[in-house]
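So the chains spell out like this:
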Amino acid sequence: MTPSGTSNNPLPDTAPNTAPDAAPDTAPNAVAVASAVVDTLAGHVTDVVVSPGSRNSPLTYALLARRDIRVHMRIDERSAAFTALGMARVSRRHVGVVMTSGTAVANALPAVVEAHMSHTPLAVISADRPERLVGTGASQTIWQQGIFGRYARTQQVTQPDDPISFSDLQVHINVAFDTPLVPAELPTPVGEPRLRVGPGFLSGSAASSASAGGAEIAESVDIDLDRDTLVIAGDEAWEVPGLEHVPTIAEPTAPTPFHQVHPLAAGFFVQDQVSISHDGGSFTASTKPEQVVVVGHPTLHRDVLALLADSTIEVIGLTRTGTVTGNPDRVARNAKVSGQPRDSWIKICEAAGAVGADTVRDALAEDEFGFTGLHVAAAVYDTLDIGDSLVLGSSNPVRDASLVGMPIDGVATYAARGAAGIDGTVSQAVGVALATQALYPDEIRAPRTVALMGDLTFLHDVNGLLIGPDEPRPGNLTIVVANDNGGGIFESLEPGAPHVRRDFERAFGTPHGAVIEDLAYAYGCAYQRAESIHELVDVLVETIAEPAPITIIEATTTRATRRALAQRLKR
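So, here's what we can say about the structure. Throughout this description, residue numbers start from 1 for each chain and increase along the sequence as written. It should be noted that, the model being predicted, local features are given only for residues of pLDDT at least 70 and side-chain atom pairs only at 80 or more, the latter also being counted only at that level, while totals for whole chains, interfaces and linings use all residues. The basis for every side-chain value is the complete set of heavy atoms in the structure, and neither hydrogens nor water enter the calculation.

Quick look at the overall build of the chain
Convention followed: Elements are defined by DSSP. Helices are runs of H or I of four residues or more, strands are runs of E of two residues or more, and each kind is numbered from the N terminus. Using C-alpha atoms as the atom set, the radius of gyration is obtained and then compared with a globule rule of 2.2 Å times the number of residues to the power 0.38. Think of it in three bands: with a 1.4 Å probe and only protein chains considered, a residue is buried below 20% of the maximum accessible area for its type, exposed above 50%, and partly exposed in between. We call two residues in contact whenever any of their non-hydrogen atoms come within 4.5 Å of each other. Each accessible area value is a Shrake-Rupley result obtained with a 1.4 Å probe; residue values ignore everything except the protein chains displayed when judging cover.
When you go through the chain residue by residue, the secondary structure sums to 16 helices and 22 strands. Compactness check: the chain gives a C-alpha radius of gyration of 25 Å against a globular reference of 25 Å for 571 residues, within 12% of the reference. Seen along its three principal axes, the alpha-carbon backbone of the chain occupies a region of about 85 × 55 × 55 Å. Burial statistics for the chain: of 571 residues in total, 54% are counted as buried. When contacts within the chain are restricted to residue pairs at least 6 apart in sequence, those whose partners lie at least 24 apart make up 75%. Of the roughly 23,800 Å² of accessible surface on the chain, a fraction of 52% belongs to carbon and sulfur atoms.

See below:
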């Protein structure tokens, strides 16, 4: 038997096909092992999402006996893992997800990947068969040690006193249980209820790698603001002392800057000179910054990324996690700032940003584009309030939110920008809503969480709405589905170009004809429908005044004009 500890070894191809089904007399007691594991968990987590199974039943019994751990049951392990991830995004503390052996463990991989790439704490506790059964063809038995590869190292547990560490952001505890799996009697309740507090791990607590993108990470870098400077703030950005008044292009999950510059203005900053009309006047100005400071991990806008690739601009990367975008000239964890921005530079950036913001609002007012996902994002933006939480789906919604004005000060915004996949978005929204309302246990009405996503994202994870009648439920979650009947983002990308559209609908548009209303009711959710931006604003205001635990708002949009709209904004 492999000794307890960590393992990331490649999975073996074969194993001896000999092993008795019954546990030997020397096998560790499964109930004792589970009790020890859960005792350790109680010191690190307040919430655990559990999927039903036989092999993990010792863990389930031990968890349900804890008064200091809130248990959430989910039938689908994939949804369970993403629900835990959503909760961890809010608390910045480990949230556990427990499942049985076999492919149940593999279902957690997408959430583990996103947790790793976004530096979000997550703990997977998988039940396993005894090692003597691995490779014998025993039911629900696969090679689970090292299953998550570089994304989470395995800590193998076979004995009650095997050590367990939570020093990593992503934890995989693989617990091998022998029979019998069920205790002789139910365990006595232990622990005392406790408040779910946050945050725990801050964004800077993850161990930084020694280098990023080939550049060595220094402890600090000097930044002279007497040089014309632009900040690009992406996911995982923070408020850097000294950069507060530097013009900033900020992605929706970044802190709200004082001088916020619209992302469409990135096209101005790659030019040496441009003519700008603003506030009734026109002028020609040098708009190319001498240096760009990248804070966090921006990924959304191609023009912004092109700005970072301009060889005539010095790029400085600031990271707390080791993840940086592009290939910056210098990378550091902290900045020592001197000087201050020129007033004329700030005015140039404000003017360029105003042109970008005005361009979006003007386009939204033009009838030729109809009701698009960008209109939906604008309606959501206009009805957000201080204290709300916002969850943004990948693809168009997070970009649309950026174009209409996100981030907003006072609105906690979450998006899967680690691996930037659409999977698990509904479950993460549920997790965010649960964790947010747990922070305010004395509130009469749960704090509002709004999730904006496309129809494919919603359908990809609709099972995240499957919550049992006895389980904790979000008290005030509104999910806005921008339904353009397919993959709207591809309309404005290369596959949407006229000369390659012959097979576009089948391969990229992928229309589905799903009835969102029926799905909402099937999962016990309230349902509303909107066919224009004005209807959507009215419906959103209604959900504020009279919230339901979970409301699905279907905004029936068009993607036929998305390419033309994108070209209009670029012009």
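Right, picking up where we left off after that structure.
Some thoughts on the sheet that holds strand 22 (residues 550–556)
Defined as follows: We treat two strands as partners when DSSP finds at least two bridges between them. Only the stretch in contact is used when a helix axis is fitted, and all axes are lines through C-alpha atoms; the angle between N-to-C directions ranges over 0 to 180 degrees.
Taken in spatial order, the six strands line up as 18-17-19-20-22-21 in an open sheet, and their pairing is parallel. Looking at the sheet topology across the chains shown, the edges are occupied by strand 18 (412–415) and strand 21 (526–530). This sheet shows a mean twist of 20° between the axes of neighbouring strands, independent of strand direction. Looking at chain direction, strand 17 (residues 389–392) and strand 19 (residues 449–454) are connected through four bridges and run parallel. Residue pairing for strand 19: L392 is matched across the bridge by L452.

Observations concerning the pairing of strand 17
We apply this condition: Whether a crossover is right-handed depends on one test, that the path from the first strand over the helix to the second runs clockwise when the strands point away from the viewer.
A two-sided burial pattern is seen for strand 17, the buried positions comprising S389 and V391 on one face and L390 and L392 on the other. Note that strand 17 and strand 18 share four bridges and pair parallel. Opposite L390, over in strand 18, you have T413 as the bridge partner. The parallel pair strand 17 and strand 18, bridged by helix 10 (residues 396–404), forms a crossover whose chirality is right-handed.

Quick notes on the packing of helix 8 (residues 343–364) against helix 9 (residues 373–383)
Put simply, the rule reads: Roughly parallel here means an angle under 35 degrees, roughly antiparallel means over 145, roughly perpendicular means 65 to 115, and every remaining angle is called oblique. By the definition used in this description, the sense in which the near helix is turned from the far one sets the handedness, with an anticlockwise turn below a right angle giving left-handed and a clockwise turn giving right-handed. When residues are grouped by polarity, Ala, Val, Leu, Ile, Met, Phe, Trp, Tyr, Cys and Pro land in nonpolar, Asp, Glu, Lys and Arg in charged, and all others, Gly among them, in polar.
For the pair helix 8 and helix 9, the least separation of the axes is 10 Å and the interaxial angle reads 110°. By the angle class used here, helix 8 and helix 9 are roughly perpendicular. Remark: the crossing between helix 8 and helix 9 carries left-handed chirality. Residues V360, R361 and L364 of helix 8 touch helix 9, and the partners they reach there are L374, H375, A378, Y381 and D382. Of the residues in the contact of helix 8 with helix 9, the class split is five nonpolar, one polar and two charged.

What about the packing of aromatic side chains?
As a reminder of what qualifies: Ring pairs are drawn from Phe, Tyr and Trp, using the six-membered ring of Trp, whenever the two centres fall within 6.5 Å, and their geometry is named by plane angle: stacked under 30 degrees, edge-to-face over 60, tilted for the rest. Criterion for a charge above a ring: Arg CZ or Lys NZ at most 6 Å from the ring centre, at most 35 degrees from the ring normal.
All chains considered together, the criterion is met by four aromatic pairs. Summarising the aromatic geometry, the rings of F490 and F508 are spaced 5.5 Å apart at their centres and angled 55° between planes, so their arrangement reads as tilted. You can see F490 sitting in the loop between strand 20 (477–483) and helix 13 (504–509) and its partner F508 sitting in helix 13, a full 18 residues away along the chain. The class for F490 is partly exposed, based on a relative accessible area of 29%. Overall, F508 belongs to the partly exposed group, its relative accessible area being 31%. One cation-aromatic arrangement involves R501 over F504; the distance from NZ or CZ to the ring centre is 4.2 Å.

As for the nonpolar core
Rules: Residues belong to a common nonpolar core when they are buried Ala, Val, Leu, Ile, Met, Phe, Trp, Tyr or Cys residues joined through side-chain atoms within 4.5 Å.
Within the largest apolar cluster, 47 residues are counted, with the highest numbers of intra-cluster contacts made by F458, L465, I479 and I552. Broken down by element, the residue count for this core peaks at eight residues, all from helix 3 (residues 77–91). The residues touching I552, leaving out its near neighbours within four places in the chain, are F458, L465, I479, V481, I516, A520, C525, A526, Y527 and Q528. Ranked by size, the runner-up nonpolar core spans 35 residues in total, among them F371, L374, A415 and V480.

Some points on the side chain of S389
Among the structural elements, S389 can be located in strand 17. Among all residues touching S389, those that are not within four sequence positions of it are A412, Y414, V432, T436, R448, T449 and V450.

Quick notes on a negative patch on the surface
To keep it simple, the criterion reads: Within the patch definition used here, like charges are joined within 9 Å and nonpolar side chains (Val, Leu, Ile, Met, Phe, Trp, Tyr) within 5 Å, considering only residues with over 30% relative accessible area and no salt bridge. What makes a salt bridge here is a side-chain nitrogen of Lys or Arg within 4 Å of a carboxyl oxygen of Asp or Glu, nothing more. As used throughout, the charge tally considers Lys and Arg to be positive and Asp and Glu to be negative, leaving His and the chain termini uncounted. Charge positions are represented by NZ for Lys, CZ for Arg, CG for Asp and CD for Glu.
A surface patch of negative charge is lined by E535, D538, E542 and E546. Within the element layout of this structure, E535 appears in helix 15 (residues 533–545). A residue is classified by how much of its surface remains accessible, and E535, at 38% relative accessible area, is partly exposed.

A look at unusual backbone geometry
Omega for the peptide link from T179 to P180 comes to 0°, which places this bond in the cis form. Turning to its location among the elements, P180 is positioned in the loop between strand 7 (170–176) and strand 8 (211–212). Of the consecutive residues M406 and P407, the connecting peptide bond is found in the cis state with omega at 5°. With respect to the element layout, P407 can be found in the loop between helix 10 and strand 18. Of note, R92 is a non-glycine position whose phi angle comes to about 55°, a positive value. Although it is not a glycine, E236 adopts a positive phi angle of roughly 70°. Along the polypeptide, E236 turns up in the loop between strand 10 (229–233) and strand 11 (248–250).

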